[in-house]
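So you can see what is in the structure, the chains are spelled out below.
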Amino acid sequence: MDGSASDIHRVEVRDPVVEARGVAMAFGSNTLFRDVTFQVGRGEVFVILGGSGCGKSTLLKLLIGLYPPTAGEIRILGEDLGAADGRARRALLSRLGVMWQSGALFGSMTLLENVMLPLEEHTRLPPAAREQVARVKLGLVGLSDAADRLPAEISGGMAKRAGIARAMALDPPLLFLDEPSAGLDPITSAGLDQLIRDLARDLGTTFVVVTHELQSILAIGDRCIMLDKQAKGMIAEGDPRELRDHATHPTVRAFFRREAA
Amino acid sequence: MTAQAEQAGFDRQDETLRLRGPLTTQRVGPLWREVLRAAPGARRLDLSAVTALDTTGATLVLAGASAASKADPVPIEGASESVGAVLERARAALAAPRPAAAPGGLSFVAATGAWGVGLWHRFWESTGFLGETVVMAFAALPHPRRMRPADLLRHLDEAGLRAFPLTVLLGTLIGVILAFQSSIPMRQFGAEIFIPPLVGISLVRELGPLIAAVILSGRTGSAYAAELGTMTVNEEIDALRIMGVDPMAMLVLPRLLAAMLVMPVLTLVMNLSGLAGMTAVMIALGFPTALVLNQLEQWLTLGSLIGGLGKSVLFGLAIAMIGCRAGLSAGRGPRAVGDAATAAVVGGIVATVVLDGLCAVLFFRLGW
């Protein structure tokens, strides 16, 4: 039985925050994925998962408008980010935040200055207020005591949390996280998962998370899609716990049961 | 009316500071100062008309509550469930412990002392690096294969061959400039015929090695520092050590050798290019080529040439050592590589000039 169709449990979302329709990406003649279609609802923690090299991070970069897709349409907060330019693009970018896999903190700035940077660029807050707000963001991710440290002086887990604080600087309704738990110990990783859940619950933030960490997927994901290198596209969509228990596609089953494919 | 279309605002009624509308990042900016100005003396903050609150808005509410009373923050009332949840999160974030205040700035005397101690440490470490290099070089002599020939050839190519065009260009221009500049005062004394020895001796004894050293420092010293600095940041140097491979033998020795080998060649190219430039100017001024060559032959000694080439080897060694040391002692983070490259160029040029001064004294004593 071919389980690929049965593992895609599509849900029609009202007023989607992120919408991808028939998205494809190719580098030259090498197709990475095609016909990727999904919607993310407001306040959801949506996970993009899959094995190494399946195009998860590339899909994230398409979603945030860094590259145009080869085919298909992407709408973020109801707008086409790729087509927006000038003031419209700037306004749209101020409504989303991105945490990069490495943290991508600016090495010459302290954590506080890193978080203050988007506030300086996008708000009319007075300088003292910017600092106070940035301290709150660092406090939200548990880094109050590291505000004046440089990125080179903190651990990988702290860099990821600082990356989240900077991504949240403008209180965007939509946050993209690229591999938030990669390379972290289980305790730090669990703490980060809890933080994502708390922020989604208390602040109503929508999260799109790229990860292949199984425990994180199950801990934070409301819904997920799974990309596959062989299939060059989506092979599953739905509640990660449902997929773990009832998936029929062999790759999806192997992924959730940590079996060799 | 939706929350997005509403205006954020506030008013003060007796002892109540009443905030209203959506208190969100993009809307509280213009309000911030006014709210803090209106807050003192208020006995409570009323949030019953607040339709939306994010953490930036919550920070303003908490700042307002603190500004209202110098003692304890005043109570915040009327918040809906969702507004209250955000407020509590922000309150908890602000209450998290902060690091102890950093000690104040050092006094002038203490700062000078700290600078001196730092300088002494750097000198001490550099001396250690020099000693380590000498020991490693002697240890490598019986095992030349440990130093990979392919690496040496690559460094010879990068530091030497690829620097030829720049060296020829700068050498020619400097010969031209020196000849033109010196022709004006020399003409006043009717001594234009002595321009070739003046430029020739200047180039061969001083400017040739010095400018070749500046080229080596800017191109190669900085490249060594950046390359080894990146390897240090990426923990490749630690990986080599753990594999039992001596980074000094594998990475430093070929670079030192390459710099020492290319420097006399670059100096020679610089000298020849400069002399060619000077000759072109002399011809333009109406002097025959044979006369220029005759003057050079008469005044330029083999001792001057050997002295210049000899000290260029020393410059090459110093520049490569400083570049390698800057790279291997790079710190962490993205700035580390840039800092190492800067230290390599500055250190290389300073060391070149200092060594040149020492050579000048030595040559004077030796009567060269």
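Everything that follows concerns the structure shown earlier in this document.
The paragraphs below set out a description of the structure included in this document.

Calculation criteria
- Residues numbered from 1 in each chain as written.
- Chains lettered and ligands numbered in written order.
- Predicted model: local features only at pLDDT ≥ 70, side-chain atom pairs only at ≥ 80, totals over all residues.
- Heavy atoms only, no water.
- Helix = DSSP H or I, 4+ residues; strand = E, 2+ residues; numbered from the N terminus.
- Buried < 20%, exposed > 50% of the residue type's maximum accessible area, 1.4 Å probe, protein only.
- Contact = heavy atoms within 4.5 Å.
- Areas by Shrake-Rupley, 256 points an atom, 1.4 Å probe, with all protein chains shown as cover.
- Core = buried A, V, L, I, M, F, W, Y, C linked by side-chain atoms within 4.5 Å.
- Expected span 1.5 Å × (residues − 1).
- Pairing = 2+ DSSP bridges.

A few points about the overall build of chain A
Scanning chain A from N- to C-terminus turns up 9 helices and 9 strands. Here chain A holds 261 residues, and 55% of them are scored as buried. Restricting the contact set of chain A to residue pairs at least 6 apart, pairs at least 24 apart contribute 67%. In the form shown here, chain A has an accessible surface area of approximately 11,000 Å², with 49% of it arising from carbon and sulfur atoms.

A closer look at the nonpolar core
Ile164, Phe207 and Phe256 of chain A together with Leu23 and Leu53 of chain B are the most contacted members of the largest nonpolar core, which has 81 residues in total. In this structure, Leu253, Leu266, Met270 and Met321 of chain B belong to the second largest nonpolar core, which totals 49 residues.

Some points on helix H6 (residues 186-203) of chain A
All names here are of chain A. End to end, H6 covers 25 Å across 18 residues, agreeing with the expected 26 Å (1.5 Å per residue, within 8%). Taken together, the buried positions of H6 are Ser189, Leu192, Asp193, Leu195, Ile196, Asp198, Leu199, Ala200 and Asp202. Backbone geometry just downstream of H6 places Gly204 in the positive-phi region, at approximately 70°.

A few points about the environment of Leu94 of chain B
Along the chain, Leu94 of chain B falls in helix H4 (residues 81-95). Classification of Leu94 of chain B as partly exposed rests on a relative accessible area of 25%. Put simply, Leu94 of chain B and Leu62 of chain B are 32 residues apart on the chain and 9.2 Å apart in space, counted from C-alpha to C-alpha. Every residue in contact with Leu94 of chain B, bar those within four places of it in the chain, is listed here: Val136 of chain A together with Leu62 of chain B.

Considering the sheet that holds strand S3 (residues 44-53) of chain B
Residue and element names in this part refer to chain B. Strand order in the open sheet formed by 4 strands is S1-S2-S3-S4, with mixed pairing between adjacent strands. Of all strands in the sheet, those with a lone pairing partner are strand S1 (9-13) and strand S4 (76-77), marking the two edges. Relative to S4, S3 runs parallel, the two being bridged by 2 bridges. Considered in S4, the bridge of Asp46 is made with Glu77.

Brief notes about the side chain of Ser183 of chain B
Among the structural elements, Ser183 of chain B can be located in helix H7 (residues 164-188). Here Ser183 of chain B is in contact with Glu192, Ile195 and Leu285 of chain B, once residues within four sequence places are set aside.

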